[in-house]
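Breakdown of the fold
What follows is the residue order along each chain.
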Amino acid sequence: NLIVLGMATVIFAGQVAAQGARPTDAASNEMERRKPDGSTSRGQTIPNRVYWGAAHNHTSYSFDAGMFGITLGPAALFKFARGEEVVVDNGMRAKIDRPLDWLAVTDHAEYLGLAEEIQTGSPELLANPTGKRWYEASKKSPQAGVEAAIEAVVTIKNGVPAIKSEQLTKAAWERATAAAEQFNQPGVFTALHGFEWTSAPGAKNLH
């Protein structure tokens, strides 16, 4: 309303100046009547403040991201979103110019945390033949790691997991939720923790 009123005032004043005349009493009274007598947001019910954030983010806990070389977990991602410096997978230091207001970590529910266990060579994972094979592939070359990730994605689409990792998944979930609690600052930064679940009947991806 203020912007519209300001534009109308400028246009009206320009017209008057061009005509070499002063506003009439009626026009002046109308302009005075339109002036707000308080905050323009008083009584307003429509939200008018933007909070910047990102709703879809994967970390090293997601099998695709982790096997593709991503090393930052949920805690590091929240730290980065708040404007703090982190070291990314290629060794470079990264920091955003303007911190976000909120961020949601939405790692894949399937094989949650498994890629990180592969990166660290978890004994529990290495005890599984498929897990050991994927671990060895990740150490062989980046391309071999990508191929292992693709193999895992195919099992998700088929609905038959190659590794049943309930305990590993539970541990990863607890670490991720703890990170959200750690970095959440009411009124300053909102850390949201969720997950991305994929239903893929007939190999048709329904994120």
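Up top is the structure these notes are about.
These remarks concern the structure in this document.

Calculation rules
Residues numbered from 1 in each chain as written. Predicted model: local features only at pLDDT ≥ 70, side-chain atom pairs only at ≥ 80, totals over all residues. Heavy atoms only, no water. Helix = DSSP H or I, 4+ residues; strand = E, 2+ residues; numbered from the N terminus. Buried < 20%, exposed > 50% of the residue type's maximum accessible area, 1.4 Å probe, protein only. Contact = heavy atoms within 4.5 Å. Phe/Tyr/Trp six-rings, centres within 6.5 Å; stacked < 30°, edge-to-face > 60°. Polar contact = N/O pair within 3.5 Å; in protein donor to acceptor, adjacent residues only side chain to side chain.

With respect to the helices and strands, Ala 149 occurs in helix α8 (residues 142-158). For Ala 149, a relative accessible area of 3% puts it in the buried group. Along the chain, Ala 149 and Trp 134 lie 15 residues apart, while their C-alpha atoms are 8.3 Å from each other. Aside from chain neighbours lying at most four places away, what touches Ala 149 is Phe 63, Met 67 and Phe 68.

Before going further, it helps to examine the packing of aromatic side chains. The geometry of an aromatic ring pair is captured by the separation of the ring centres together with the interplanar angle, meaning the angle of the planes. Overall, the coordinates contain five aromatic pairs when judged by the stated rule. Ring geometry for Phe 63 and Tyr 111: centres 5.6 Å apart, planes at 50 degrees, overall tilted. Placement of the pair is Phe 63 in helix α3 (residues 63-67) and Tyr 111 in the loop between β4 (102-105) and α5 (114-120), with a sequence separation of 48 residues. Accessibility expressed as a relative area gives 6% for Tyr 111, which makes it buried. Taken together, the aromatic side chains of Phe 63, Tyr 111 and Trp 134 make up a single cluster linked through ring pairs.

With respect to the helices and strands, the residue Glu 196 is situated in the segment after β5 (190-193). Looking at Glu 196, the relative accessible area reads 9%, which means it is buried. For the pair Glu 196 and His 108, spaced 88 residues apart in sequence, the C-alpha separation works out to 4.7 Å. Side-chain polar atoms of Glu 196 contact the side chain of His 58, separated by 2.9 Å.

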